[in-house]
Amino acid sequence: MEQSNKGKYNSVEVAKYIAAYWNENGAEINMTKLQKLLYIAYGTWLAVKNERLVDEHPQAWPYGPVFPTTRNKLSNIDLKKINTNDNEFQIIKNDLSVNKLLSIIFNTFGDWNASKLSEWSHKNGSPWYYTTQMPDFKWGDQIDDITIQEYFSDVWE
């Protein structure tokens, strides 16, 4: 089955919803942690659904996978003030599959800080690591979806 090149949701909306979900559940959130959680959601969705969760591809940056548009649009927002009652989240909030995914990610990674998540995303054999080892690699190169999908299929086995 071939993957769709389009994402199910806008990456900024999903990132904001992840921040709201973390806030609602009393967990710390900052931009680095948010980027890694969005990456985990992206990879897990690819592995389970064989489609992209969001419309933006992660890139390899020095501190791990980053969704640049999401980072740029949310960098001046206080992530701790986002909550799930915002009207912009209604479609995502009502998507039971997304909420189940976030619940699993929260239960697995909820208490991890940004440093631990960055370290995890840099592990030998990770998609970020694999991408950074490619010939002619440069920071900002896209991390391949097939590599992400295969990696996350193993993570959740």
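Refer to the structure presented above.
Residues numbered from 1 in each chain as written. Predicted model: local features only at pLDDT ≥ 70, side-chain atom pairs only at ≥ 80, totals over all residues. Heavy atoms only, no water.

Quick look at the nonpolar core
- I18, W22, L34 and L53 are the most contacted members of the largest nonpolar core, which has 45 residues in total.
- Looking at which element gives the most residues to this core, the answer is helix α2 (residues 31-49), with ten residues.
- Beyond its immediate sequence surroundings of up to four residues, W22 is in contact with A27, E28, I29, K33, L37, L102, I105, F106 and G110. (Core = buried A, V, L, I, M, F, W, Y, C linked by side-chain atoms within 4.5 Å. Buried < 20%, exposed > 50% of the residue type's maximum accessible area, 1.4 Å probe, protein only. Helix = DSSP H or I, 4+ residues; strand = E, 2+ residues; numbered from the N terminus. Contact = heavy atoms within 4.5 Å.)

Let's talk about helix α6 (residues 114-121)
- Among all positions of α6, only A114, L117, S118, W120 and S121 are buried. One side of α6 holds all its buried residues, which, seen down the axis, span an arc of 160°. Opposite the buried face of α6, at more than 90 degrees from it, the exposed residues are S115 and E119.
- Against α2, β4 (64-66), α5 (96-109), α7 (127-132) and α8 (145-155) lie the buried residues of α6.
- N-cap assignment for α6: the residue whose side-chain oxygen lies 3.1 Å from the backbone N of S115 is N113. (Arc of directions from axis to C-beta. Polar contact = N/O pair within 3.5 Å; in protein donor to acceptor, adjacent residues only side chain to side chain.)

Describing the pattern of salt bridges
- If you walk through the whole model with that rule in mind, you get four salt bridges.
- One salt bridge in this structure joins E88 and K16, with 3.1 Å as the shortest N-O distance. Pair noted here: E88 is in the loop between α3 (68-74) and α4 (90-93) and K16 is in helix α1 (residues 11-24), with a separation of 72 residues, a long-range link.
- Given the relative accessible area of 38%, E88 is considered partly exposed.
- A residue is classified by how much of its surface remains accessible, and K16, at 15% relative accessible area, is buried. (Salt bridge = Lys/Arg side-chain N within 4 Å of Asp/Glu carboxyl O.)

Observations concerning the environment of M134
- Assignment of secondary structure puts M134 in the loop between α7 and α8.
- Taking the C-alpha atoms as reference points, M134 and K93, separated by 41 residues in sequence, lie 38 Å from one another.

Some words on the packing of aromatic side chains
- For the structure shown, the criterion picks out 13 aromatic pairs.
- Here F109 and W112 contribute two aromatic rings whose centre-to-centre distance is 4.8 Å and whose plane-to-plane angle is 75°, an arrangement assigned as edge-to-face. For the pair shown, F109 and W112 are each scored as buried.
- When the centroid spacing of 6.1 Å and the interplanar angle of 25° are considered together, the rings of W128 and W139 count as stacked. You can see W128 sitting in helix α7 and its partner W139 sitting in the loop between α7 and α8, a full eleven residues away along the chain.
- Since its relative accessible area comes to 47%, W139 is described here as partly exposed.
- Counting every residue linked through ring pairs, the aromatic cluster contains Y39, F109, W112, W120, Y151 and F152.
- Stacked on the ring of W45, the Lys or Arg K49 has its end atom at 5.3 Å from the ring centre.
- In this structure, K116 packs its charged tip against the face of W112, placed 4.4 Å from the ring centre. (Phe/Tyr/Trp six-rings, centres within 6.5 Å; stacked < 30°, edge-to-face > 60°. Lys NZ or Arg CZ within 6 Å of the ring centre and 35° of its normal.)

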